Amino acid sequence: MKREKQPAKVSYFFGPGWKNLGEFIKIFWNLNRDDVRKRQKKFESGMGVMSIRGVANLISCFMLILFGTAFFVIISGAVSVILGIAYIIVYILFFIVWLTDRIYLLRKRIFVACPNCKEKYLIPTYRCPNCNRKHTRLTPGKYGAFYRTCECGEKIPCHFLTKRGSLAAECPNCGYSLSGTETVPICVPVIGGRSAGKTAYITAFVYEFIEKVAPRNGLRIRHYNQKMTTFYNQEIKEDYLHGTTRMTKTENDISQASTKAFNFMVGSDKFSPERLVQIYDVAGESFIDNTENEEQLQYKYCQGIVFMIDPLAIPMARNHMDEKISEVDKNSVGTMDMDIILDAFMNKLRQITGKSVDKVISTPIAIVISKGDIKTLSSFIGEEVISDYMIKHELSMDSYMDVQDKIIRQFLNDNGMAGFVNNIDLKFKNNRYFICSAIGHTREAGHYNPKGVLEPMEWIFQKADPAMKNAWNEHKFGNN
């Protein structure tokens, strides 16, 4: 397939250089030919072989043809060989520069995940900062090693060392404006049924991480773009401070993405380049019914999954809690069976990734029971229950998360969810159970007071990124 021509000037060594060599050979040959013609005219204008001068001119013609051509071949061949060797050396150097760029991207696990269409790319489409022309293959090559010259005359970087990622970029597939194109993505879909608490969880995690975790761990936060900055300040902060949450909208406009992503960059002196955190949220109805407007390609490359469970959607568990549940919470209960939700998710995974039914998935999955502030629920899997177990078995605080995982598994097994737990174990190599309360109390009863929202993400981050684990390591997790 023919590669798309770039709006840039070809490097001297990949076109103009060979053209100049051809012109040199042509000029050199024409000079030799002109000398032969001059001798030929002198011979023809004289008395030919009937005179000594004529014989001399004829011999000169033959000598010029013989030795001139030989001299032309020798000189042209020598120049071509010397320049050819020089060009080969240049090509090797260009290849090495290209290879270092490619190795850097692959070794650092850098790629671009479009938040809109969910396509994944190694190199997106970059735009010239001067004329806005699109450069679809901005890598070292025939247009330049470290920089290329746009058709408008602007020199633009085409290598990671020259800060290619500083250019404006867009998705080659849908044209969505991209940021953080040379960062390491940490993509985490948050999935679950309707009213499972996904949006509240994302709100609590994002605020807690940006405002609390980052400062105490020396992490630097940079918002994805102005739109994300506005969304954080006007939506996430406002919801957090007022104890509210938004029901994720089922997107009916097919031109708009059903799954929304909140993105921000994380920097640190302990790792380079920055990490791009992408958290995906999709309406429960669209997720279960498989009616998203775009293909959910993020499941191919995501570094972890958060699976939210509404404990009030578990019939046996709900029977224990009916008298203690507020009217607000009763009106926001997810009624979809957990096994149906898991089956819908597994079908989607197989559809997107092409993996067989029997294939074990290595992507870490955090099963998070939401609404942990319900008092009756905490009497089964709350902090006191975990602490009592640790005291009884003389365990250190480092084992807290492992004990929590064990107790939640038992709670689910005891309340009719044994099949769900077994399916998770069979299908996901890395899985762990958590409990959280995103808001910390009934909705709209004061600002968020979250508990347990950081641990699932911290576990996923540690599993996905050793450098991130070195920077954010506030909890200990076993190997299960």
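Read on for an overview of the structure. (Residues numbered from 1 in each chain as written. Predicted model: local features only at pLDDT ≥ 70, side-chain atom pairs only at ≥ 80, totals over all residues. Heavy atoms only, no water.)

### Here we look at the overall build of the chain
The following threshold applies: Per the convention used, a helix needs a DSSP run of H or I reaching at least four residues, while a strand needs a run of E reaching at least two, with both numbered from the N terminus. Each residue is placed in one exposure class: buried if its accessible area under a 1.4 Å probe, protein chains only, is under 20% of its type's maximum, exposed if it is over 50%, and partly exposed if it falls in between. By the convention used here, residues are in contact when the closest approach between their heavy atoms is within 4.5 Å. Here the open area of atoms and residues is found with the Shrake-Rupley method and a 1.4 Å probe, where only the protein chains shown may cover a residue.
The secondary structure content of the chain amounts to 15 helices and 15 strands. For the chain, the proportion of its 480 residues judged to be buried stands at 48%. Taking the intrachain contacts of the chain between residues at least 6 apart in sequence as the baseline, contacts between residues at least 24 apart amount to 71%. Here the chain has roughly 23,900 Å² of accessible surface; of this, 56% comes from carbon and sulfur atoms.

### Section: the pairing of strand β14 (residues 365-369)
What counts here: In this analysis, strands are considered paired if DSSP registers two or more bridges between them.
With five of five residues buried, β14 lies mostly within the body of the structure. Here β14 shows no split at all, with Ile365, Ile367 and Ile369 on one side and Ala366 and Val368 on the other all buried. In this sheet, β14 lies alongside strand β13 (residues 305-309) in parallel orientation, the contact comprising five bridges. Looking at the pairing, Val306 lines up with Ala366 of β14. As paired strands, β14 and strand β15 (residues 431-435) are joined by five bridges and run parallel to one another. Each bridged residue has a counterpart across the sheet, and for Ile369 the counterpart in β15 is Ile435.

### Quick notes on the environment of Tyr448
In this structure, Tyr448 sits in the loop between β15 and α14 (454-464). A residue is classified by how much of its surface remains accessible, and Tyr448, at 1% relative accessible area, is buried. Separated by 206 residues in sequence, Tyr448 and His242 place their C-alpha atoms 7.2 Å apart.

### Focus: the environment of Ile374
Here Ile374 shows up in the loop between β14 and α10 (375-381). With 63 residues separating them in the primary sequence, Ile374 and Ser437 have C-alpha atoms 8.6 Å apart.

### Looking at unusual backbone geometry
Note that the residue after Ser272, namely Pro273, is joined by a cis bond; omega there is 0 degrees. Along the chain, Pro273 turns up in strand β12 (residues 271-281). Within the chain, Asn132 stands out as a residue other than glycine whose phi angle is a positive 70 degrees. Mapped onto the elements, Asn132 comes out in the loop between β3 (125-127) and β4 (134-135). On the basis of relative accessibility, which here comes to 44%, the residue Asn132 falls in the partly exposed class. Its identity as a non-glycine residue notwithstanding, Lys371 has a phi of 55 degrees, on the positive side.

### Some details on the sheet that holds β13
Threshold: As a rule, the C-alpha atoms of each element are fitted with a line to give its axis, helices using only the stretch in contact, and angles between N-to-C directions run from 0 to 180 degrees.
Overall, mixed pairing links the seven strands, which are arranged β10-β11-β12-β9-β13-β14-β15 in an open sheet. A single partner strand is all that each edge strand has here, and the edge strands are β10 (220-223) and β15. Mean inter-strand twist for the sheet, computed between neighbouring axes without regard to direction, equals 25 degrees. Strand contacts of helix α3 (residues 198-216): β9 (184-191), β10, β11 (260-268), β12 and β13, with the helix running at about 155 degrees to β12, the strand carrying the most contacts.

### Examining the pairing of β12
For β12, the buried fraction is high: nine of the eleven residues fall into the buried class. As judged from the seven bridges shared by β9 and β12, these two strands associate in the parallel manner. Within β12, the position partnered with Val184 by the bridge is Arg275. Two elements, β11 and β12, share eight bridges in a ladder whose sense is antiparallel.

### A short note on helix α13 (residues 418-427)
Count 3.6 residues to each turn of an α-helix, and residues three or four apart come out pointing the same way. Note the following rule: This arc is taken over the directions from the axis of the helix to the C-beta atoms.
For α13, every residue scored as buried is listed here: Phe420, Val421, Ile424 and Lys427. When α13 is viewed along its axis, its buried side chains cluster within an angular range of 145 degrees and face the same direction. Looking at the buried side of α13, the elements it contacts are β13, α9 (338-353), β14, α12 (400-414) and β15.

### Observations concerning the pattern of salt bridges
As a reminder of what qualifies: What makes a salt bridge here is a side-chain nitrogen of Lys or Arg within 4 Å of a carboxyl oxygen of Asp or Glu, nothing more.
Across all of its chains, the model carries 16 salt bridges by this definition. As a salt-bridge pair, Asp310 and Lys371 come within 2.9 Å of each other at their nearest N and O atoms. A residue pair is termed long-range when its members are at least 10 positions apart, and Asp310 in the loop between β13 and α7 (315-321) and Lys371 in the loop between β14 and α10 qualify at 61 residues. When its relative accessible area of 15% is taken as the criterion, Lys371 is described as buried. Salt bridges here are not isolated pairs; linked through shared partners, they connect Lys5, Arg133 and Glu151.

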